[in-house]
Amino acid sequence: MAEALIAEYRSYLADNRRRSVHSVRAYVATAERLSEFLREHLGEAIDRPALAKLTAADLRAFLAHRRGDGLTNRSTARELSAVRNFLRWALGEDAPIPALKGPRVQRSLPRPVDPEAVLALAGDAAESAADGWVGARDWAVLLLLYGCGMRVSEATGLTGDALPLGTTLRVTGKRNKTRIVPLLDNVREAVEGYLELCPYPPAKGEPLFRGRRGGPLSPALIRRAVQGARKRLGLPEKTTPHALRHSFATHLLAGGADLRSLQELLGHASLSSTQIYTAVDTAMLLDEYLNSHPRA
C-alpha cells in the first residue's frame, strides 16, 4: 500500500507541483524512509488511515531514528519539513498534523565576497556571454546586486519606469514593499551601457532586462552565469548572486553605516534580519586579527 501511495506522491510532485528532479527525489526519499520506519514501528501497513492516526510521539521516534544515522540539526529540520509536506499531501491541507517542534538550527553567517572578486566575477560573466549585449546585461545586473544591495529578483524585475536613471533607484522587494536606494555612477553607467546595446528598446511597464529572445530576464540565467564564472575563477561555491547582496551589506557596515540605514537599504521588514551583519563584521575583524597579529 505504501508503494502505491508514494508513487502517487511522486507524480503529484513532478506533474502538479512541477518540482525539480532533485527535489522530487529528496521528498520521495523522506516519504519512503518514514513509511518503512512506521511499518515496523506501528506493525501495520502504511496507508492514509494509518498516517491519519500518527501522533507527535511517532514522529519524534522517527526523527530519533534518523538522528542515529548521523543527521545534523539542519538536516533533521529539513527531514521534518519534508515529512510535514508528505503528510499534508496525504491527509489534505485542512487535516490536523501532529505538532512537533524541530531542532534549533544555528543561523549561518553569510560570507562576503572581496570587492576585487566581485568585479572579476562580473567581468568574467560578461566576457563569457555569447552576445555583447548579453554580456553588458549580466555586468549591469551583477553591479546592481553589489552596488545597490538588491536581490537578483529585484534587479531582474526592474522596468522601463526606472528611466531615465538618476542618483537613486526605486526598488520593489518582498511583499511589494518599495524602497529607495542610491545609484552609484559606475552602476548607472553599466545599466546605461547595456541599454545602448540591447536590441529591445525599454518601455514603460516593460522589463528593463531582457532574455535573448526579448522576454523578461529570468533570475536563473544570472545564477547560471555566476556559476560558470565562479568555476572558471576558482571561487568558493558560496559565491552566488545573493552573496553579492551580503557583501554590499557587510562592506557598508564595516565602513561605518548604522543598522537602521542598512535595514532601509536592504528592505528588511525587521531590524533582527539586519543584525546578523554585526556578527559578520565581527567575524571579519577576527579573521583580520588572526591573519595579521604577530602573536595570533
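The shown structure was predicted, so the numbers you read here are calculated from the model rather than taken from an experiment.

Engineer: For this particular structure, what's the right way to read the overall build of the protein?
Structural biologist: Across its full length, the protein holds 14 helices and two strands. Counting all 296 residues of the protein, 40% fall into the buried class. Of all intrachain contacts in the protein linking residues separated by at least 6 positions in sequence, the fraction that spans at least 24 positions is 61%. With an accessible surface of roughly 16400 Å², the protein has 51% of that area assigned to carbon and sulfur atoms.

Engineer: Can you walk me through the pairing of strand 1 (residues 168–172) in this structure?
Structural biologist: Each regular strand shows side chains that alternate between the opposite faces of the sheet. Side chains Leu169 and Val171 of strand 1 all project onto a buried face; the interleaved residues Thr168, Arg170 and Thr172 project onto a face where none is buried. Sheet topology places strand 1 next to strand 2 (residues 178–182); five bridges connect them, and they run antiparallel. For Thr168, the partnering residue across the bridge sits in strand 2 and is Pro182. Between the end of strand 1 and the start of strand 2, which pair antiparallel, lie five residues, with Arg175 showing a positive phi angle near 55°.

Engineer: Can you walk me through helix 7 (residues 132–148) in this structure?
Structural biologist: An α-helix turns once every 3.6 residues. As a result, residues three or four positions apart point the same way. Taking 1.5 Å per residue, 17 residues should reach 24 Å; helix 7 reaches 24 Å between its end C-alpha atoms and fits that length. Burial analysis of helix 7 places 14 of its 17 residues in the buried class, which makes it a mostly covered element. Positive backbone phi, approximately 70°, marks Gly149, located one or two places after helix 7.

Engineer: What exactly am I supposed to notice about the packing of aromatic side chains here?
Structural biologist: Any two aromatic rings considered together are summarised by their centre-to-centre distance and by the angle between their planes. Across all of its chains, the model carries eight aromatic pairs by this definition. Both rings, one in Phe86 and one in Trp89, keep their centres 6.1 Å apart while their planes meet at 25°; by these two values the pair is stacked. Here Phe86 and its partner Trp89 are both found in helix 5 (residues 73–91), three residues apart, which amounts to about one turn of the helix. Each member of the pair, Phe86 as well as Trp89, is classed as buried. Members of the aromatic cluster, joined through ring pairs, are Tyr9, Tyr12, Phe86 and Trp89. A cation over an aromatic ring shows up here: Arg48 above the ring of Trp89, its NZ or CZ 4.8 Å from the ring centre.

Engineer: Is there a simple way to think about the packing of helix 2 (residues 21–42) against helix 4 (residues 56–67) in this case?
Structural biologist: Between helix 2 and helix 4, whose axes approach to 10 Å, the crossing angle comes to 115°. Here helix 2 lies roughly perpendicular to helix 4, going by the angle between them. Where helix 2 crosses over helix 4, the two elements pack in a sense that is right-handed. Residues Arg33, Leu34, Phe37, His41 and Leu42 of helix 2 form the contact with helix 4, whose participating residues are Asp58, Leu59, Ala61, Phe62, His65 and Arg66. Split by residue class, the contact of helix 2 with helix 4 holds six nonpolar, two polar and three charged.

Engineer: I'm lost on helix 1 (residues 2–16) in this one. Help?
Structural biologist: The end-to-end C-alpha separation of helix 1 is 20 Å, in line with the 21 Å expected for 15 residues at 1.5 Å each. Of all the positions in helix 1, only Ala2, Leu5, Ile6, Tyr9 and Leu13 are classed as buried. In a view along the axis of helix 1, the buried residues occupy a sector of 95°, so they form one face of it. Across from the buried face of helix 1, at angles greater than 90 degrees, the exposed residues are Glu3, Ala4, Asp15 and Asn16. Close packing links the buried residues of helix 1 with helix 2, helix 3 (48–52) and helix 5. The first or second residue beyond helix 1 is Arg18, which carries a positive phi of 55°.

Engineer: So what exactly am I meant to see when it comes to the side chain of Thr239 here?
Structural biologist: One can find Thr239 in the loop between helix 10 (219–233) and helix 11 (241–254). Judged by its relative accessible area of 4%, Thr239 falls in the buried class.

Engineer: Quick question: what am I supposed to make of unusual backbone geometry here?
Structural biologist: Comment: phi is negative for the bulk of residues other than glycine, and the bulk of peptide bonds are trans. In the segment running from Leu163 into Pro164, the intervening peptide bond is cis, with an omega of -5°. On the secondary structure map, Pro164 appears in the loop between helix 8 (152–156) and strand 1.

Engineer: Any chance you could explain the side chain of Thr30 here in plain terms?
Structural biologist: Along the chain, Thr30 falls in helix 2. Apart from residues no more than four positions distant in its own chain, Thr30 is found in contact with Glu79, Ala82 and Val83.

Engineer: Explain the environment of Val181 here, please?
Structural biologist: Relative to the helices and strands, Val181 is located in strand 2. With a relative accessible area of 1%, Val181 lands in the buried category.

Engineer: Before we go on, may I ask you to explain the nonpolar core in this structure?
Structural biologist: Generally speaking, a soluble globular protein has its nonpolar side chains buried in company with each other. In terms of nonpolar packing, the biggest core is built from 40 residues, with Leu142, Leu144, Met150, Leu169, Val191, Tyr194 and Phe209 touching the most fellow members. Those elements giving two or more residues to this core turn out to be helix 6 (115–127), helix 7, helix 8, strand 1, helix 9 (185–197), helix 10 and helix 11. The element contributing the most residues to this core is helix 7, with 10 residues. Non-local contacts of Tyr194, meaning those with residues more than four positions away in its chain, are made with Trp133, Ala136, Arg137, Ala140, Leu208, Phe209 and Arg210. Of all hydrophobic cores here, the second largest spans 27 residues; its members include Val24, Ala31, Leu38 and Phe62.

Parameters at a glance
Residues numbered from 1 in each chain as written. Predicted model: local features only at pLDDT ≥ 70, side-chain atom pairs only at ≥ 80, totals over all residues. Heavy atoms only, no water. Helix = DSSP H or I, 4+ residues; strand = E, 2+ residues; numbered from the N terminus. Buried < 20%, exposed > 50% of the residue type's maximum accessible area, 1.4 Å probe, protein only. Contact = heavy atoms within 4.5 Å. Areas by Shrake-Rupley, 256 points an atom, 1.4 Å probe, with all protein chains shown as cover. Pairing = 2+ DSSP bridges. Expected span 1.5 Å × (residues − 1). Phe/Tyr/Trp six-rings, centres within 6.5 Å; stacked < 30°, edge-to-face > 60°. Lys NZ or Arg CZ within 6 Å of the ring centre and 35° of its normal. Axes fitted to C-alpha atoms, helices over the stretch in contact; angles between N-to-C directions. Parallel < 35°, antiparallel > 145°, perpendicular 65-115°, else oblique. Left-handed = near helix turned anticlockwise from the far one by under 90°. Nonpolar A, V, L, I, M, F, W, Y, C, P; charged D, E, K, R; others polar. Arc of directions from axis to C-beta. Core = buried A, V, L, I, M, F, W, Y, C linked by side-chain atoms within 4.5 Å.

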